[in-house]
Amino acid sequence: MCTFKKYARFSITAILLVSIMLLFSGCSKTAATSDSFKAVAAEMSMETADVIQQFAAYDYVKEAIIAAPADHKYQIEFFVLSDASYAKSFFDANKAKFELSKGSSFSEKSSNGKNYVSYTLTASDRYMFLEQVDSTVVYVDVEEAYADSVKEFLKELKY
């Protein structure tokens, strides 16, 4: 009888753990739009600029917008690409670029879900963040001093 109780308790625990893992592995996010990006920037008294002309040679970049405070000491970049596969390639290339700046002391974090992948790196007094959701990518590479302001913006954007 005691063995059965242990087996039942183990089985219930295992089922709960598998259920929780499946629940969180299927998480998805709603992709921001250029309008929602601009709205968050306006809420935070930041200026926005359409910089698509800088990407004219790349037909897969459909929209490119930056948000920056009035002093322009840092910026947050938002891209809409032609589809999720281009966005994933864009994400991967920039993540590789970030990883080159790791140095000897760094902190990094990655997460992913059904339709998104996220990467954060703090190294060499820099805060770097990338997140791809569907066909969008948010790109940040700023001095670490501005990390809290960027995180607040990303939280409002739900990224």
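Heads up: the structure comes first, above all this text.
Now for a description of the structure that goes with this document. The residue numbers shown here count from 1 along each chain, following its written sequence. Only residues with pLDDT of 70 or above have their local features reported here, since the model is predicted, and side-chain atom pairs are shown and tallied only from 80 upward, although totals for entire chains, interfaces and linings are computed over all residues. As a rule here, side-chain values come from all non-hydrogen atoms in the structure, and water together with hydrogens is ignored.

A separate point is the packing of aromatic side chains. The pairing test for Phe, Tyr and Trp rings, Trp by its six-membered ring, is centres within 6.5 Å, and the orientation test on the planes gives stacked under 30 degrees, edge-to-face over 60, and tilted for anything in between. Taken as a whole, this structure holds eight aromatic pairs when the rule is applied. Both rings, one in F37 and one in F78, keep their centres 5.1 Å apart while their planes meet at 20 degrees; by these two values the pair is stacked. Of the two residues, F37 is situated in helix 2 (residues 34-43) and F78 in strand 3 (residues 76-81); the sequence distance between them amounts to 41 residues. Here F37 matches F78 in class, with each residue buried. Summarising the aromatic geometry, the rings of Y60 and Y86 are spaced 5.0 Å apart at their centres and angled 0 degrees between planes, so their arrangement reads as stacked. With Y60 in the loop between strand 1 (47-50) and strand 2 (61-68) and Y86 in helix 3 (residues 84-99), this residue pair connects regions lying 26 residues apart in the sequence. Residue classification places Y60 among the partly exposed residues on the basis of a relative accessible area of 24%. Taken together, the ring pairs in this structure connect F37, F78 and F153 into an aromatic cluster. In this description a helix means any DSSP run of H or I spanning at least four residues, a strand means any run of E spanning at least two, and both kinds are numbered starting from the N terminus. For every residue, the accessible area (1.4 Å probe, protein chains only) is compared with the maximum for its type, and the residue is labelled buried under 20%, exposed over 50%, or partly exposed between those bounds.

A pair of strands is labelled paired if DSSP reports no fewer than 2 bridges between them. Here seven strands make up an open sheet; going across it, the order is 1-2-3-7-6-5-4 and the pairing antiparallel. Lying at the two open borders of the sheet, with one neighbouring strand each, are strand 1 and strand 4 (106-112). Pairwise comparison of adjacent strand axes, ignoring direction, gives a mean angle of 10 degrees for this sheet. One ladder, built from five bridges, connects strand 3 with strand 7 (residues 136-143); its direction is antiparallel. If you follow F79 over to strand 7, its bridge partner there is V137. Note on contacts: a residue pair qualifies if any of its non-hydrogen atoms lie within 4.5 Å across the two residues. In this description, a line fitted to the C-alpha atoms serves as the axis of each element, helices being fitted only across the stretch in contact, and the angle between N-to-C directions of two axes falls anywhere from 0 to 180 degrees. Against the sheet, helix 2 touches strand 1, strand 2 and strand 3, its axis set at about 5 degrees to strand 2. Against the sheet, helix 3 engages strand 3, strand 4, strand 5 (116-123), strand 6 (126-133) and strand 7, with an angle of about 165 degrees to strand 6.

What follows is about the environment of I76. Within the secondary structure layout, I76 lies in strand 3. The sequence separation of I76 and V140 amounts to 64 residues, and the corresponding C-alpha distance is 5.3 Å. Once residues within four sequence positions are removed from consideration, I76 is found in contact with F37, M46, I65, I66, A67, V138, Y139, V140, V150 and F153.

This next bit is on the packing of helix 2 against helix 4 (residues 147-157). Put simply, helix 2 and helix 4 touch, their axes get as near as 10 Å, and they point 130 degrees apart. As summarised for this structure, helix 2 and helix 4 are arranged oblique, according to the angle between their axes. Judged by the sense of rotation from one axis to the other, the crossing of helix 2 with helix 4 is right-handed. Mapping the contact onto sequence places S36, F37, V40, A41 and E43 in helix 2 and F153, E156 and L157 in helix 4. Charged residues are taken to be Asp, Glu, Lys and Arg, nonpolar residues to be Ala, Val, Leu, Ile, Met, Phe, Trp, Tyr, Cys and Pro, and polar residues to be all remaining types, Gly included. In the contact of helix 2 with helix 4, the residues fall into five nonpolar, one polar and two charged. Angles below 35 degrees are treated as roughly parallel, those above 145 as roughly antiparallel, those between 65 and 115 as roughly perpendicular, and all remaining angles as oblique. Crossings are sorted by hand: turned counterclockwise from the far helix by less than a right angle, the near helix makes the crossing left-handed, and turned clockwise it makes it right-handed.

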